[in-house]
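Given next are the chains, with one letter for each unit.
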Amino acid sequence: MPFFKQRLNFLFRSTRGLILVAIAMIAMETAIFGLLSGPMAEFGVRDVVVRLLRMDLVQAEREGRIIILYHSIAMAVVAIETYMVTGLLRMKEFYRRSVRLLVTIGYWMAMIFGMGFAYWGHNWALHGLYIAGLTLVFFAGVLLTIGLWPWGKDYRQPDPAYAHTKNGVDMERVAFFATALTTVISALFGAVPGSYFGNGFETFLAENIIRYPEKTTLEYSVIGHLHIMLALIAIMITLIVGRWLNFKGLLHKIAMPLIILGTIVLNLGVWGVVTPLEPVAHMIIYVGATPAMLGALMLVIFGWDKLIREGVAGIDRPTVLQKLGALVRDPLRFGPLWQMVFMNFTVSGVGIFMAVRLDEIFRMWPAREERIELTGHWHVLSAIIATIILLYYGDMIGLKGRVRRLYGWAIILFSDLAFASITVFEMKRLFVSEAAQQPLVNTVMLLTDLGLAMLLVVLAMVMFWRLADLFRRKGRWAEELGQDDLALEMKG
Amino acid sequence: MKRPRLSLPAIALLLSACGAVDLNAPIPSFDTGVDPDAWALVPAGEFLSGQHNEPVVIDYDYEIMATDVTVTQYTAFLGQALADGALHVDGGQVVGFYPGDEFHGARHEIEITAAEYIFVPLDDPAARFTFDGTTFAARPGYENHPMTDVSWFGAWGYCRYFGGRLPTELEWEKAARGPEDDRPFPWGYEIARHNANFYSSRDPFEDMGSAGSRSSPVGFYNGRTYDGYATLNSASPYGLYDMAGNVWQWTGDVYEGQHYRYLRGGSKDSYEMDLRIWVRNNATPTYFSPGVGFRCARDP
């Protein structure tokens with residue numbers, strides 16, 4: 001029995017164990033349910049999986065199934081970020097333990113019962129348990145927000161290298177607090193229409209109603225919710241990476257107010273879509289998104305400068321190539337920042353271009369073409385966030401030497417290959433006609449599938465390694481059990 | 001020597017993306033035995049509309065074409081309408097008059113004024129018909145395929161010319177689903193590859209290496225076997241063919257505050273989810289594509 005007790009203790013009570021379990025849960029869900037769409041459906045794999053697993057896929061319920069699938073994965077991602085925040089930032093032990101307990105039970109319930117309800121018939125008891133899971137994650141968020149309260153004397157920032165107010169209030173903690181608080185409010189923003197549309201399967205995917213000139217308040221609320229939640233998950237991972245890389249100095253002092261301001265204004269803009277401010281809500285959103293992205297840019301500049309300086313330390317007059325070599329020497333630290341830059345080509349750039357040329361170009365195409373761009377760019381953003389988590393996780397578990405480089409570069413290169421290919425696929429109508437598109441479509445889909453498949457292979461290798469490690473008496477898990485405070489491992 | 005071995009397939013793969021598509025590549029030709037001049041009567045009454053099965057009553061009888069308008073039918077119309085002056089050639093397109101829509105100035109709404117608008121382009125290499133300056137004709141092999149590359153104006157004009165109209169979305173939906181149940185597809189609750197022409201359905205007209213998915217003759221999925229390819233009879237309860245897949249179909253509604261026109265049925269380029277009866281697509285009325293066609297409705 002001590003065998004199981006020790007392992008369960010690691011998996012469900014240590015920071016690294018909790019993160020490992022959540023990554024494994026997402027990996028399994030992605031592996032199984034990824035077989036139901038795209039090329040797997042074309043190859044006939046879906047039909048086999050549906051038969052083997054005895055899934056009950058009613059055509060009219062597809063949209064409801066997908067919404068539950070997205071939510072169940074999102075809850076696990078939120079849990080991972082929560083583990084990271086509670087591992088990186090100081091807070092009372094009561095909050096740390098309570099938040100972790102609630103979010104863990106919550107995302108497990110959401111995943112297991114949600115998917116059971118969505119894919120294996122209408123057992124309403126499962127739906128109730130799924131909602132209970134989401135509710136627990138929500139309350140974990142409320143407690144986390146309280147735990148992150150930045151104005152307590154215990155959390156003052158005495159170090160002048162970090163952004164703080166005259167009174168010593170830690171601006172970075174304020175940024176974490178603002179992000180957590182607005183996340184909780186924005187979750188409600190989705191819960192209200194969710195309780196209405198979730199009554200049975202009378203629901204819709206936002207991308208399917210995008211062109212309707214008249215939308216109801218609840219429809220606006222759903223559209224706002226999905227956008228802001230993803231944006232907040234992205235902002236939170238930016239703050240987490242900043243803490244991990246020990247973001248400080250002048251750029252930190254500029255970035256933190258920008259991120260705080262950006263987060264609050266962005267949220268106000270999104271919430272504004274259900275108020276009389278709706279006609280100008282998009283303008284408010286742009287006003288909020290700009291400083292938030294500038295704050296992330298400061299982090300990238302800081303991080304890359306730090307990597308270069310560390311890498312060329314001891315060299316009198318480093319050449320450009322030496323600096324470049326230093327920058328990319330450690331893919332696990334270079335990668336998260338690079339992915340943030342790459343996001344501008346595959347997500348923000350596409351989104352801005354679409355917004356600017358919407359009526360002239362994109363609305364001249366059929367709605368189903370516009371849907372491809374909409375779904376494509378937010379899938380890419382979600383996946384970029386996932387790769388950043390995986391890169392940080394690689395560092396967290398102490399990958400070293402060649403394995404570290406292979407793991408890091410595999411994630412960066414394969415994911416970016418997939419994201420770039422999908423971006424070409426999304427925008428293909430700009431340069432190829434419908435009748436002549438098939439060779440291009442074949443190539444980009446092949447590259448996308450190759451990139452994603454290799455990414456999953458890398459992830460599977462790590463998961464199998466960690467699984468095998470659990471059977472060793474003094475494996476990596478035993479070391480990690482005693483390393484619970486991520487803040488102790490900040491870089492630099 | 002390792003590097004060239006690795007990079008050659010990669011270069012070949014990238015170059016394949018730029019490969020030219022022979023839009024006039026030969027296509028199998030089959031007589032489906034379905035008459036494109038046939039009409040089906042849809043009697044007045046209730047049916048279940050939309051994804052969530054809202055009961056809706058259409059309180060009048062109407063007729064709707066059993067198949068999409070074919071290339072042969074449309075080219076005959078073009079020749080006739082050009083001869084009697086209803087249409088004319090303007091630059092690289094055939095144009096006709098449309099009396100315009102009421103404009104409400106809604107966000108993203110484009111005003112459709114009374115003017116001449118494109119019916120079909122004459123210079124699109126993907127077109128399934130030819131025009132030698134005087135005569136229109138179907139490209140060989142496409143005679144009994146749905147007319148594509150036709151704008152909403154072109155579809156509206158055809159139906160009107162022959163005393164009909166484009167079906168409203170509700171008329172289209174009732175004709176596809178029938179009065180009895182909440183089926184998601186015209187033939188029932190499940191979809192198989194041999195039910196309809198959709199993306200990667202492996203029909204005899206598909207060439208995923210080059211031309212991609214191509215249209216099929218109207219009424220192809222009627223239970224017959226063609227050169228060893230067995231189809232399932234996929235008619236709707238009222239006997240309509242191709243109400244799911246093959247080509248999207250223009251419908252006639254003009255909605256307040258938007259210039260978009262709505263399309264139904266999914267196409268050869270759609271995944272099966274878009275073949276569900278309630279799925280809507282829309283585009284500007286001047287839009288045309290090899291994946292868009294139409295059928296007409298009329299009063300009995």
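Residues numbered from 1 in each chain as written. Chains lettered and ligands numbered in written order. Predicted model: local features only at pLDDT ≥ 70, side-chain atom pairs only at ≥ 80, totals over all residues.

**Q** Got a minute to help me understand the interface of chain A and chain B in this structure?
**A** Frequently, the measure chosen for interface size is the accessible area removed from exposure when the parts meet. With 25 residues of chain A at the interface, the matching set in chain B holds 34 residues. For the side of chain A that touches chain B, the secondary structure elements donating two or more residues are α14 (367–396) and α16 (438–470) of chain A. Counting residues per element, the side of chain A that touches chain B draws most heavily on α16 of chain A, at 6 residues. Here the side of chain A that touches chain B is composed, by residue class, of 11 nonpolar, 5 polar and 9 charged. (Contact = placed C-beta atoms within 7 Å. Helix = DSSP H or I, 4+ residues; strand = E, 2+ residues; numbered from the N terminus. Nonpolar A, V, L, I, M, F, W, Y, C, P; charged D, E, K, R; others polar.)

**Q** Explanation requested: the sheet that holds strand β5 (residues 87–90) of chain B in the structure shown.
**A** Sheet strands pair by backbone hydrogen bonding; their relative direction is either parallel or antiparallel. Residue and element names in this part refer to chain B. Spatial ordering of the open sheet is given by β5-β6-β7, a layout of 3 strands whose pairing is antiparallel. Across the chains shown, the open sheet's two edge strands, defined by having one partner strand only, are β5 and β7 (115–121). This sheet shows a mean twist of 40° between the axes of neighbouring strands, independent of strand direction. Set on the sheet, helix α3 (residues 152–161) makes contact with β6 (93–98) and β7; between it and β7 the angle comes to about 95°. (Pairing = 2+ DSSP bridges. Axes fitted to C-alpha atoms, helices over the stretch in contact; angles between N-to-C directions.)

**Q** What's the story with unusual backbone geometry in this structure? I'm lost.
**A** Trans is the common state for peptide bonds, and a negative phi is the common state for residues other than glycine. The residue Asn 246 of chain A is not glycine, and still its phi comes out positive at about 55°. Take Asn 246 of chain A: it is sitting in the loop between α9 (217–244) and α10 (250–271). On the basis of neighbour count, Asn 246 of chain A is assigned to the partly exposed category, with 18 C-beta atoms found within 10 Å. Not every positive phi belongs to a glycine, and Arg 202 of chain B is a case in point at roughly 60°. Residue placement: Arg 202 of chain B occurs in the loop between α4 (169–177) and β10 (225–226). (Buried ≥ 20, exposed ≤ 12 C-beta atoms within 10 Å, placed from the backbone.)

**Q** Even after reading the chapter, I still don't get the domain arrangement of chain A, so can you show me in this structure?
**A** All names here are of chain A. Segmentation of chain A into domains returns domain 1 (1–147) and domain 2 (330–492). A C-alpha centroid distance of 20 Å is found between domain 1 and domain 2. Counting residues at the interface gives 19 residues for domain 1 and 20 residues for domain 2. With 9 residues, the top contributor of residues to the side of domain 1 that touches domain 2 is helix α2 (residues 15–33). (Domains from an automatic or database assignment.)

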